[in-house]
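Results of the structural survey
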Protein chains: 2
Amino acid sequence: MPQLASTSLGVINVGLAQFAEAIAAAGGRVTQLDWSPPALGDRTLGMALARLTRHEKVEPANEKAFAAFLGVSPVLRGVGTAGETLANMGERMLLHAGPPVAWHDMCGPMRGAIVGAILYERWARDAKAAQKLAASGKIAFSPCHHHGAVGPMAGIISPSMPLWIVENSAGGARAYSNFNEGLGKALRFGAYGPQVLARLAWMQKSLAPALGKALAALGGIELKPLIAQALIMGDEVHNRNAAASSLLLRRLAPALARARLPAEKLAQVLDFVAGNEHFFLNISMAQAKLSLDAAHGVAGSSMVTAMSRNGVEFGIRVSGLGERWFTAPAGAIDGLYFAGYGPADAALDLGDSSITETAGFGGFSMAAAPAIVKFVGGTPEDATANSLRMRHITLGESNVFQLPALDFRGAPCGIDIRKVIDTGIEPVINTGIAHHDAGIGQIGAGLTHAPLACFTQALAALEIEVNA
Amino acid sequence: MPQLASTSLGVINVGLAQFAEAIAAAGGRVTQLDWSPPALGDRTLGMALARLTRHEKVEPANEKAFAAFLGVSPVLRGVGTAGETLANMGERMLLHAGPPVAWHDMCGPMRGAIVGAILYERWARDAKAAQKLAASGKIAFSPCHHHGAVGPMAGIISPSMPLWIVENSAGGARAYSNFNEGLGKALRFGAYGPQVLARLAWMQKSLAPALGKALAALGGIELKPLIAQALIMGDEVHNRNAAASSLLLRRLAPALARARLPAEKLAQVLDFVAGNEHFFLNISMAQAKLSLDAAHGVAGSSMVTAMSRNGVEFGIRVSGLGERWFTAPAGAIDGLYFAGYGPADAALDLGDSSITETAGFGGFSMAAAPAIVKFVGGTPEDATANSLRMRHITLGESNVFQLPALDFRGAPCGIDIRKVIDTGIEPVINTGIAHHDAGIGQIGAGLTHAPLACFTQALAALEIEVNA
């Protein structure tokens, strides 16, 4: 003790920072170590977590699920029509983003997009009639995810809409997404004006057949090399798809030329693809869905295989927990707004596009995309910090997708519900912001998080499942 | 003194690190501050530097030159033929990279490219006859730079070759470059086999007219926004042009479709442009040349307006020093080699492409392009460090071209010969490596530096000039 007192003393404070501040204020040397109790200090949850940690069923199940996820080789195979392509797609059915939700509970932009889809299908003559029809119970509503599909924002897919078909070249499984319309006034943001409907009609009649021909001639496009290159070029393939869209056009353009369309029709297709930096988003979502589906259904696995929002609820699915959704209220988005709009105008978190984060893209790969901060807010340092933080809640790193700013380390992927509960770190999501009213469209973009409550419910369910 | 001795002592060592190492070895606390005497400790040079520092003529001249450089708005205006487009282009003249050099002094790849150009022009029947003709004195050789043009590597431009025309939309001045053939066996690396000549013939007959039509229909393409976007997407627009080439294709493809070529001809043009990630390089060089030409000829300015290499000598030009070249022996390149090749196979530093570094791209903007290290060697940290170091020798930062990894600070540009001498920091250059023999081609890529000796000569000349 006398020896201790005669030397210079330093303090390491673990946890609550106030103690460290007091020592520092008194002139002491103090090192603050961030720490908080596991499971946020919740005893019941913490005990469940402890029982699931190094669990004889969960560990091998996660290894199997993660390996299946990494093993998928997604190929952009072709173009189909929702009514003909999707399993269990009813004649008067509309698919939507997120977990199940009834018409009367839906948020404004989803209702707007449904009105637009009804007009697009000519099931009603005008918006008022469309709303009446939607409320009548004569239209079936079903989540995209229940049909192997994903759709950004409102995620409305109607029977006549063209879809991307993404196929696992190692196995043949498929996942689907609709086509991207571009920014601003678009169906997926709840807009349904004449311009929106005219564009959707052109996409169905001209764009989709041309792209289908080009893909058929190419025999498909391998997506992993293309996305890996896009991450090197500053995309995170959720809210930034500038490089991926360009690389896709580079592959498609010569094949489109060989499709022998009339010159002006070809030029219009090229104009449309070249003019939309988000064109690749829906393909990115479908390949993420395909890879995660391969990891789904492994008994005992705590790996998250879907995160999605319907504008009212945020839902997750877990590999070892079947088709159940674990939901919590959808959150607000912290972001940048287009001129004339602000947080008071914003809908809550919406869309299937968080399937990209579930697969390690978007917020998880923000370190690859410093320029995303001009769109969603923050600094390049924040973007890198997000990728680093996601390492704490994931099973591993991609063996294909590298983040240059992290010295080419792999993108963190494979969210483990146990790690989310243990650290209290919520998965970060880059996302667009829709106006809360039907018929308006996108008003900004920003960051949000998957609510912890989804994960606590899933953890409790998993404990029951593995001990059953 | 007694008080000093009783407290803990620390040392700051300025300059030679050995002193600091000795203190550290003895257990002392030491902070090393990097420092070296200005002008590398050369007294005469240092005095000249001192006399040119805060000089009443040089400072305003540099402000004027730098503002002129920043003020250029380069537009990709169209396509021309060297013989018809370039000033003072003789009928039997071949242009080459770098400062002037005679046939008997030229390096292997430049000789190879000259043989290829003679065969391309059908001035000789075979390689042997071409070499004889080149040595006969009947062909005039002249630097590209003397005709407002730039060419990568050997930089050979012959009268029939198609050229890019880049024009300042604010003023009408023009600069030119040839078309990029792709990697590997290419004329600019000294290859002249039948494949090389067949490709050049196709480029002249099919590619150039198609691109010319597309550009005419577009009315030109503004290059600053395109390049700014490419820097955000991981290019440094010297050895990495993946994004810029894709963005260019995005602009060109719809216009090419409207040019109503036969489908297969159109597809071949799109294939060629889409298949070459370096396609934009020559355009990047021409716009850099255009911007730097605007800064050239300001009496008293110490701003570098060209850095170029002919494979034997490295030469620089300075704004206030007219048409003179200040030369030193060309250096070796520290880089990565293609399989089967090594440093013993390499030609020395070669090409006009260092015009990109002179304008703040390439090595100066490496912080934008972490993936470049897979091509030229090093780590992403090295890439960022290069951009930071170049700040010490430049007049300012670009007001358009941002480097995301440096929190969107502008690219360092406008090399000041005084700052190079003061700091001893040589401009860094990313570059391709050609085989030292004629007829082989590219064997790697890496980093090199502009030799200090060019700058010391220029400084001496500037002192005479401003005091004349």
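On a predicted model such as this, the values are computed, not experimentally measured, just so you know.

Assigned secondary structure in chain A consists of 17 helices and 18 strands. Computed over C-alpha atoms, the radius of gyration of chain A comes to 23 Å, within 12% of the 23 Å expected from 2.2 N^0.38 for 468 residues, which places it in the range of a compact globule. On the principal axes, the C-alpha backbone points of chain A span a range of 90 × 50 × 45 Å. Across chain A, the fraction of contacts at a sequence separation of at least 24, relative to all contacts at a separation of at least 6, is 72%.

What follows is about the pairing of strand 16 (residues 409–415) of chain B. Of all seven residues in strand 16 of chain B, five are buried; the element is thus mostly enclosed. Between the end of strand 15 (residues 394–403) of chain B and the start of strand 16 of chain B, which pair antiparallel, lie five residues, with Asp-407 of chain B showing a positive phi angle near 55 degrees.

Residue and element names in this part refer to chain B. Ordered by their spatial adjacency, five strands build an open sheet running 6-8-7-3-9, and the pairing between neighbours is mixed. Every other strand in the sheet has two partners, leaving strand 6 (149–150) and strand 9 (221–222) as the edge strands with one partner each. When strand 7 (residues 162–168) meets strand 8 (residues 174–178), the two strands line up antiparallel, connected through five bridges. Bridge pairing in strand 8 places Trp-164 opposite Ser-177. Taken strand by strand, helix 12 (residues 281–295) contacts strand 3 (74–81), strand 6, strand 7 and strand 8, and its axis lies near 150 degrees from that of strand 8.

Another aspect to go through is helix 9 (residues 223–232) of chain A. Inspection of helix 9 of chain A places Leu-223, Leu-226, Ile-227, Ala-230, Leu-231 and Ile-232 of chain A among the buried residues, and these make up the whole buried set. Immediately beyond the C-terminal end of helix 9 of chain A, within one or two residues, lies Gly-234 of chain A, with a positive phi of roughly 90 degrees.

With that settled, the discussion passes to the nonpolar core. Grouped together as the largest cluster of nonpolar side chains are 320 residues, with contacts concentrated most on Leu-256 of chain A together with Leu-256 of chain B. Excluding its chain neighbours within four sequence positions, the residues that come into contact with Leu-256 of chain A are Ala-210, Ala-214, Leu-266, Val-269 and Leu-270 of chain A.

Attention now moves to the environment of Ala-411 of chain B. Residues and elements named next belong to chain B. Summarising the element assignment, Ala-411 is placed in strand 16. Since 30 C-beta atoms lie within 10 Å of it, Ala-411 is described here as buried. For the pair Ala-411 and Ser-387, spaced 24 residues apart in sequence, the C-alpha separation works out to 7.6 Å. Those residues in contact with Ala-411 that lie beyond four places of it in its chain are Gly-360, Phe-361, Phe-364, Ser-365, Glu-397, Ser-398, Phe-401 and Leu-403.

Glancing now at the domain arrangement of chain A. Where interface size is quoted, it is often the accessible area lost as the parts come together. Assigned domains within chain A: domain 1 (2–35) and domain 2 (46–69 + 292–466). Placing the centre of domain 1 of chain A and that of domain 2 of chain A at their C-alpha centroids yields a distance of 36 Å.

This part is about the relation of the copies chain A and chain B. When chain A is fitted to chain B, the best match, at an RMSD of 0.1 Å, comes from turning it 180 degrees and sliding it 0.0 Å along the axis. Both copies of the chain, as the preceding transformation shows, are related through a two-fold rotation axis. Ranked by how close their C-alpha atoms come to the rotation axis, the residues of chain A are headed by Met-233 of chain A, at 2.2 Å. Looking at the interface residues of chain A, 100% of them are also at the interface in chain B, so both copies use one shared face.

Another point: the packing of helix 3 (residues 43–52) of chain B against helix 17 (residues 452–466) of chain B. All names here are of chain B. Where helix 3 contacts helix 17, the two axes come as close as 10 Å, and the packing angle between them is 50 degrees. With respect to helix 17, the axis of helix 3 lies oblique. Helix-helix and strand crossings are classified by hand; for helix 3 and helix 17 the assignment is left-handed. Between helix 3 and helix 17, the residues in contact are Leu-45, Ala-48, Leu-49, Arg-51 and Leu-52 and Thr-456, Leu-459, Ala-460, Leu-462 and Glu-463, respectively. Here the residues of the contact of helix 3 with helix 17 are counted per class, giving seven nonpolar, one polar and two charged.

A separate point is the packing of helix 6 (residues 108–120) of chain B against helix 7 (residues 127–135) of chain B. Residues and elements named next belong to chain B. Two numbers describe how helix 6 lies on helix 7: the axes approach to 9 Å, and their chain directions differ by 105 degrees. The angle between helix 6 and helix 7 places the two elements in the roughly perpendicular class. Each of Ile-114, Val-115, Ile-118 and Leu-119 in helix 6 lies in contact with helix 7, whose residues at this interface are Ala-127, Ala-130, Gln-131, Leu-133 and Ala-134. Here the residues of the contact of helix 6 with helix 7 sort into eight nonpolar, one polar and no charged.

How each quantity is defined
Residues numbered from 1 in each chain as written. Chains lettered and ligands numbered in written order. Predicted model: local features only at pLDDT ≥ 70, side-chain atom pairs only at ≥ 80, totals over all residues. Helix = DSSP H or I, 4+ residues; strand = E, 2+ residues; numbered from the N terminus. Rg over C-alpha atoms; globule rule 2.2 N^0.38 Å. Contact = placed C-beta atoms within 7 Å. Buried ≥ 20, exposed ≤ 12 C-beta atoms within 10 Å, placed from the backbone. Pairing = 2+ DSSP bridges. Axes fitted to C-alpha atoms, helices over the stretch in contact; angles between N-to-C directions. Core = buried A, V, L, I, M, F, W, Y, C linked by C-beta atoms within 7 Å. Domains from an automatic or database assignment. Least-squares fit on C-alpha atoms with pLDDT ≥ 70 in both. Parallel < 35°, antiparallel > 145°, perpendicular 65-115°, else oblique. Left-handed = near helix turned anticlockwise from the far one by under 90°. Nonpolar A, V, L, I, M, F, W, Y, C, P; charged D, E, K, R; others polar.

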